[in-house]
Amino acid sequence: MDFIIAEEGVPVRPPMGDFIFSAKLPLLDKELPFWMYGRNLVFLDAYYVIVESVKKKTWDPITTVIIDIHRGKYASLNHWYTDISVEDKVVLKNRYEKSTLILKDVDGLEWVQL
């Protein structure tokens, strides 16, 4: 993945001072339709990465997205998960809302092709 700092056009700097990036999948020549924070990138394997995303030109609300970097598709997890652990299964938690998602596989996700 190629990351480009996407500060141009962001109305205000994110409150935590984190950088926001646009991203491109160079092997597929596809640009992601959202921006993402540079923190908390979790690679599940050689195909999937979990990111904190925002709509372009914004910094909020944050939504967790899983990207298939080889097939050029992504799926929103519809919530923001602040803590991610990967062991036998993927456990995503939001420490503020006290919500948890256990991701057993990616087959049931609603994938959007780039």
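Presented here is a report on the structure given in the accompanying data block. Since the model is a prediction, treat every value here as computed from it, not as a measurement. (Residues numbered from 1 in each chain as written. Predicted model: local features only at pLDDT ≥ 70, side-chain atom pairs only at ≥ 80, totals over all residues. Heavy atoms only, no water.)

Brief notes about the pairing of strand E10 (residues 90-94)
In plain terms, the rule: Only protein chains enter the accessibility calculation, which uses a 1.4 Å probe; a residue whose area is less than 20% of its type maximum is buried, one above 50% is exposed, and one in between is partly exposed. Under the DSSP-based scheme used, a helix requires at least four consecutive residues in state H or I and a strand at least two consecutive residues in state E, with every element numbered from the N terminus. Strand pairing requires that DSSP identify at least two bridges connecting the strands.
Counting buried positions over the 5 residues of E10 gives 4, a clear majority of the element. Summarising the sheet, strand E9 (residues 83-86) and E10 pair through 4 bridges and their orientation is antiparallel. Within E10, the residue paired with Val 86 across the bridge is Val 90. In this structure, the hairpin formed by E9 and E10 is closed by a connection of 3 residues. In the sheet, E10 pairs with strand E11 (residues 99-103) via 5 bridges, with the strands oriented antiparallel. By the bridge assignment, Val 90 is partnered in E11 with Leu 103. Here E10 hands over to E11 after 4 residues, with Lys 98 in that stretch at a positive phi of 60°.

Topic: the nonpolar core
This is how the line gets drawn: We call a set of buried Ala, Val, Leu, Ile, Met, Phe, Trp, Tyr and Cys residues a nonpolar core when their side-chain atoms join them within 4.5 Å. Only heavy atoms matter for contacts: two residues are in contact if any of them lie within 4.5 Å across the pair.
If you look at the biggest cluster of nonpolar residues, it comprises 13 residues, and the most contacted ones within it are Ile 50, Ile 66, Leu 92, Leu 103 and Leu 109. Sorting the residues of this core by element identifies strand E6 (48-54) and E10 as the ones contributing at least two each. Apart from residues no more than four positions distant in its own chain, Ile 66 is found in contact with Leu 44, Tyr 48, Val 49, Ile 50, Lys 73, Tyr 74, Ala 75, Leu 77, Leu 103, Val 106, Leu 109 and Trp 111.

Observations regarding unusual backbone geometry
Note the cis peptide between Asp 60 and Pro 61, where omega equals 0°. Its place among the elements puts Pro 61 in the loop between E6 and strand E7 (63-68). Positive phi values are uncommon outside glycine, yet Asn 40 reaches one of about 55°. Locating Asn 40 in the fold gives a position in the loop between strand E4 (35-37) and strand E5 (42-43). On the basis of relative accessibility, which here comes to 27%, the residue Asn 40 falls in the partly exposed class. Backbone geometry places Lys 57, a non-glycine residue, at a positive phi of 70°. Note on placement: Lys 57 falls in the loop between E6 and E7.

Brief notes about the sheet that holds E11
Two orientations exist for strands paired in a sheet by backbone hydrogen bonds: parallel and antiparallel. Definition in use: Angles here are taken between N-to-C directions and fall from 0 to 180 degrees, while the axes themselves are lines fitted to C-alpha atoms, restricted in helices to the stretch in contact.
Across the sheet, 3 strands lie side by side as E9-E10-E11; this open sheet has antiparallel pairing. Of all the strands in the sheet, just E9 and E11 have a single pairing partner and so form its edges. Strand-to-strand, the axes of this sheet are offset by a mean angle of 15°, without reference to chain direction.

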